[in-house]
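# A look at the structure
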Amino acid sequence: MIYLDYAATTPVDERVAEVMSRCLVSPELFANSASSHAPGRRVNQAIESAREQVAGMINAAARELIWTSGATESDNLAIIGAARFRSNRGRHLVTSVTEHKAVLDSCHALEKEGFDVSFLHPDEFGVLAPEDVSAAITEATTVVSIMHVNNETGVIQDIRAIGEICRSRDVLFHVDAAQSFGRLPIDVRADHIDMLSLSAHKTYGPKGAGALFLDARRIGRVAPLLHGGGHERGLRPGTLPTHQVLGMSKALEIAQRNLAGEPPRIAALRDHLWQRISTIPAVQLNGHEARRSCHILNVSVAGVEGESLLYGMRDFALSSGSACISDAAEPSYVLKSLGRSDQLAQGSVRFSLGRFTTRAEVDQAADAFAATVARLRDLSPYGLPDGMD
Ligand SMILES: *Cc1c(COP(=O)(O)O)cnc(C)c1O
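These numbers come from a predicted model, not from an experiment.

## Focus on the packing of aromatic side chains
- For the structure on display, the rule yields four aromatic pairs.
- Seen from their ring centres, Tyr-3 and Tyr-6 are 5.3 Å apart, and the 70° between their planes marks the pair as edge-to-face.
- Assessed through its relative accessible area of 3%, Tyr-6 is described here as buried.
- Taking 5.9 Å as the distance between ring centres and 90° as the angle between the ring planes, the aromatic pair formed by Tyr-204 and Phe-356 counts as edge-to-face. Of this pair, Tyr-204 sits in the loop between strand 7 (195-199) and strand 8 (210-214) while Phe-356 sits in the loop between strand 13 (348-352) and helix 12 (359-379), and the two are 152 residues apart along the sequence.
- When the ring centre of Tyr-333 is taken as reference, the NZ or CZ atom of Lys-101 above it lies at 4.6 Å.
- Here Arg-314 stacks its cationic end above the ring of Tyr-311, 4.2 Å away from the centre of that ring.

The following block contains the structure:
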């Protein structure tokens, strides 16, 4: 089985696993970090030094970072927590239709509480115009949430331009950076980001670990979603999972250290894959050709059906445009929003590459893809698609 689904999750890096297992068995590190005795203080120190380290990677201060269970929780806490906390100032939010479900469903939950949400449409390449964000902001807007890198297409949004607009209009700007950390540099100050969601498992760390950055000068508090002990300044109560926190900081440290070398290597593999696949007739790239993260290649194939395509590629771990949603027969809402027909959205495959992907694997995937498409077209009930000779 060849794994080409790094956008869904990544394997844990051995160096991360080592830090985590050492933490789990260490008699020095099992205490509750909230305890005031010496073992508790020692664990607290380890957690605080991880916090400082991760915060530093995005140009934030340690006190601006909250540990969570992942980007889903961070998205919920940022969007719902900030909107509720500021509801006396206004009850309007701005986001886009291509956001992750964690953002969209948080917005839908707020709509049920009487908030209004503007869902903006990106262009046919998946790129959102910053001017559209500007035009959508009203007197009542309190939060704008736009992702950095899209998890289906890899499209990179111009978060710095959007951040500038939000700052000038005094609106809070939230960015979901689950896919971009370790692949693109992130600087919350230069990008004018007020809230940023991170996930460990998209960057060779453990599942169930994440963080939320909250700019101390812009947003002191959000309304918490959980209630309990006063951990994490009362914003996210619950005993901190020491091994998860240390594993996450190790994973992000490795990714950050490799920022200059790893993304270009993966981008070259991704480009090689596209170069080979693009020779197949009636295959289209989904997303912007240039404004795209190194690790994702999403293609639609005319004249074949997505399920059959994935079945033909069953020796490869891949995603179709609909894999993130349990109702897998539904065509991807992200691809549909780019103007793809149901058939093209369904006949799509997301290849996502990563640290352990080799050129030989990419070549095998390209060979198998060409063979599968050719075979399915011979059997296709759709007939030859337009534009195919
Ligand atoms: C994976 C992902 C999430 C969810 O992250 P978890 O840590 O799995 O909760 C949110 N947003 C984007 C863009 C993602 O790719």
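## A closer look at the sheet that holds strand 7
- A sheet is described by the order of its strands in space; here seven strands give the open sequence 2-8-7-6-5-3-4, paired in mixed fashion. Here the strands that pair on one side only, and so sit at the sheet edges, are strand 2 (65-68) and strand 4 (116-120). Neighbouring strand axes in the sheet, compared pairwise and without regard to direction, differ in orientation by 20° on average.
- Inspection of the sheet shows strand 2 paired to strand 8 by four bridges, in the antiparallel sense. The residue bridging Leu-65 from the neighbouring strand is Phe-213, located in strand 8.
- Lying on the sheet, helix 2 (residues 38-57) is in contact with strand 2 and strand 7; it crosses strand 2 at an angle near 115°.

## What to know about the packing of helix 1 (residues 14-25) against helix 7 (residues 242-257)
- At a minimum axis separation of 8 Å, helix 1 and helix 7 run at an interaxial angle of 155°. In terms of axis orientation, helix 1 runs roughly antiparallel to helix 7. The interaxial crossing formed by helix 1 with helix 7 has right-handed handedness. Of the residues in helix 7, those touching helix 1 at Arg-15, Val-16, Val-19, Met-20, Cys-23 and Leu-24 are Thr-242, His-243, Gln-244, Leu-246, Gly-247, Lys-250, Ala-251 and Ile-254.
- Split into classes, the residues belonging to the contact of helix 1 with helix 7 amount to eight nonpolar, four polar and two charged.

## Here we look at the domain arrangement of the protein chain
- You can read the domains of the protein chain as domain 1 (2-8 + 260-379) and domain 2 (14-257).
- Measuring from the centre of the C-alpha atoms in domain 1 to the corresponding centre in domain 2 gives 28 Å.
- For the pairing of domain 1 and domain 2, the buried interface totals around 2500 Å² over both sides, and the portion due to carbon and sulfur atoms is 54%.
- Taken together, the links from domain 1 to domain 2 amount to zero salt bridges.
- Counting every contact that joins domain 1 to domain 2 gives 11 residue pairs in polar contact (both at pLDDT 80 or more).
- Those elements giving two or more residues to the side of domain 1 that touches domain 2 turn out to be helix 8 (262-277), strand 10 (296-301) and helix 10 (333-337).
- Considering every element that reaches the side of domain 1 that touches domain 2, the biggest residue donor is helix 10, with four residues.
- Of the residues contributing to the side of domain 1 that touches domain 2, the split by class is 12 nonpolar, 10 polar and five charged.

So, how was this worked out
Going along each chain's sequence as written, the residues are numbered from 1 onward. The model is predicted, so local features are restricted to residues of pLDDT at least 70 and side-chain atom pairs to those at 80 or more, both for listing and for counting; the totals for chains, interfaces and linings are taken over all residues. Side-chain descriptors were evaluated using all non-hydrogen atoms of the structure, hydrogens and water having been removed beforehand. Centres within 6.5 Å make a pair out of two Phe, Tyr or Trp rings, where for Trp the six-membered ring is used; the pair is then stacked when the planes are under 30 degrees apart, edge-to-face when over 60, and tilted otherwise. Relative accessibility under 20% of the residue-type maximum defines a buried residue, over 50% an exposed one, and the middle range a partly exposed one, all with a 1.4 Å probe and only protein chains included. Elements are defined by DSSP. Helices are runs of H or I of four residues or more, strands are runs of E of two residues or more, and each kind is numbered from the N terminus. Geometrically, a lysine NZ or arginine CZ counts as sitting over a ring once it is within 6 Å of the ring centre and also within 35 degrees of the ring normal. The pairing criterion for strands is at least two bridges between them, as found by DSSP. To obtain each axis, a line is fitted to C-alpha atoms, and for helices this fit is confined to the stretch in contact; angles are then taken between N-to-C directions over 0 to 180 degrees. Only heavy atoms matter for contacts: two residues are in contact if any of them lie within 4.5 Å across the pair. Here the angle decides the label: under 35 degrees means roughly parallel, over 145 means roughly antiparallel, 65 to 115 means roughly perpendicular, and every other value means oblique. Should the near helix be turned counterclockwise from the far one by less than a right angle, the crossing is left-handed, whereas a clockwise turn marks it as right-handed. Each residue gets one label: Ala, Val, Leu, Ile, Met, Phe, Trp, Tyr, Cys and Pro are nonpolar, Asp, Glu, Lys and Arg are charged, and the others, such as Gly, are polar. Segmentation of the chain into domains, including their bounds, is taken from an automatic or database domain assignment. When two components associate, each loses some accessible surface as probed by a 1.4 Å sphere; the sum of these losses over both components is called the buried area. One speaks of a salt bridge when a side-chain nitrogen belonging to Lys or Arg is within 4 Å of a carboxyl oxygen belonging to Asp or Glu. By the criterion applied in these results, polar contacts are pairs of N or O atoms within 3.5 Å in which, for protein atoms, one can donate a hydrogen and the other can accept it, and in which residues neighboring in sequence qualify only through two side-chain atoms.

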